[in-house]
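Read off the chains here:
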Amino acid sequence: MSIDTGPTVTINGTPYALPTDPRTTLLDFLHQNLALFGTKKGCDRGQCGACTVHLDGEAVRSCVLPVSAAAGRAVTTIEAVGQSALGAQVQQAWLDHEVVQCGYCQSGQIMSATALLQRQPAPSDAEIDAGMAGNLCRCATYTRIRAAIKDVDAGGAA
């Protein structure tokens, strides 16, 4: 006989009990409960993209998502995205194209790029622009971000 411990969320492959406070955002849960700090808090309004994580493979803004909305679902953060072949390719492309300047936005950029490439393996410039919309880079490395995305062989990484 198992004991019902309440709703859980799976983060990077490990299930965790959800907090009882309904105001807790997924980002705050990652930081305060799991000490996963790779996902950044930027604007705290879901507009800059620094807090992007995957929820069942889709890019979402964790700073505005209540952790309760992730109940029974799978979350992947920047700490684990490289465990997939595609995520590892995206991370390597970021290094190869020297995308990172200050680095603050880059975990969110990588998460958005990986989700984009998962659904569109060879995106056009317009598809990259649409898929990366809302991910702000104050250092303006957008040209290198686009080149890195185009360099990933997403069809071979799936």
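Use the structure listed above.
Peer 1: Whenever I open this one, helix α6 (residues 142-151) confuses me. Can you help?
Peer 2: Residues that lie three or four places apart on an α-helix share one face, since the helix turns once every 3.6 residues. Those residues of α6 lying buried are Ile-145, Ala-148 and Ile-149. One face of α6 carries all of its buried residues, which in axial projection span an arc of 100°. Contact partners of the buried residues in α6: α3 (85-96), α4 (106-119) and α5 (125-132).

Peer 1: Would you mind going over the side chain of Ser-62 with me for this structure?
Peer 2: Structurally, Ser-62 is set in the loop between β4 (58-61) and β5 (74-76). Within the local environment of Ser-62, its side chain forms a polar contact with the backbone oxygen of Cys-51, the two atoms lying 2.7 Å apart. Beyond its immediate chain neighbours, meaning those up to four positions away, Ser-62 contacts Thr-25, Leu-26, Leu-27, Thr-39, Cys-51 and Val-53.

Peer 1: Which parts of the structure should I look at to understand the state of the cysteines?
Peer 2: Think of a disulfide as a covalent bridge from one cysteine sulfur atom to another cysteine sulfur atom. Counted under the stated rule, the structure contains zero disulfides. The thiol of Cys-51 is not disulfide-bonded; the next cysteine sulfur, from Cys-63, is found 3.6 Å away. The closest cysteine sulfur to the non-disulfide-bonded Cys-139 is located on Cys-102, 3.8 Å from its own sulfur. For Cys-139, a relative accessible area of 34% translates into the label partly exposed.

Peer 1: Mind showing me how you'd approach the nonpolar core here?
Peer 2: Soluble globular proteins: nonpolar side chains tend toward being buried together. In terms of nonpolar packing, the biggest core is built from 18 residues, with Val-90, Trp-94, Met-132 and Ile-149 touching the most fellow members. Listed by contribution, the elements that provide at least two residues to this core are α2 (78-81), α3, α4, α5 and α6. For this core, the element with the most residues is α4, which contributes five residues. For Trp-94, the contacting residues outside a window of four places in its chain are Val-99, Val-100, Gln-106, Gln-109, Ile-110, Ala-113, Ile-145, Ala-148 and Ile-149. Counting residues in hydrophobic clusters, the runner-up holds 15 residues, among them Leu-18, Val-60, Val-67 and Val-75.

Peer 1: Would you explain the sheet that holds strand β3 (residues 52-55) in this entry?
Peer 2: Two strands in a sheet stick together by hydrogen bonds in their backbones, pointing the same way (parallel) or opposite ways (antiparallel). The strand order β2-β1-β5-β3-β4 describes an open sheet built from five strands, whose pairing is mixed. Taken across any chain shown, the strands that pair with only one partner, and hence form the sheet edges, are β2 (14-17) and β4. Between one strand axis and the next, the sheet turns by 35° as a mean value, whatever way the strands run. Pairing of strand β1 (residues 8-11) with β5 involves two bridges; the strand directions are parallel. Across the sheet, Thr-10 pairs through a bridge with Ala-74, a residue of β5. Set on the sheet, helix α1 (residues 26-34) makes contact with β1, β2, β3 and β5; between it and β1 the angle comes to about 80°.

Rules of the game
Residues numbered from 1 in each chain as written. Predicted model: local features only at pLDDT ≥ 70, side-chain atom pairs only at ≥ 80, totals over all residues. Heavy atoms only, no water. Buried < 20%, exposed > 50% of the residue type's maximum accessible area, 1.4 Å probe, protein only. Helix = DSSP H or I, 4+ residues; strand = E, 2+ residues; numbered from the N terminus. Arc of directions from axis to C-beta. Contact = heavy atoms within 4.5 Å. Polar contact = N/O pair within 3.5 Å; in protein donor to acceptor, adjacent residues only side chain to side chain. Disulfide = S-S within 2.5 Å. Core = buried A, V, L, I, M, F, W, Y, C linked by side-chain atoms within 4.5 Å. Pairing = 2+ DSSP bridges. Axes fitted to C-alpha atoms, helices over the stretch in contact; angles between N-to-C directions.

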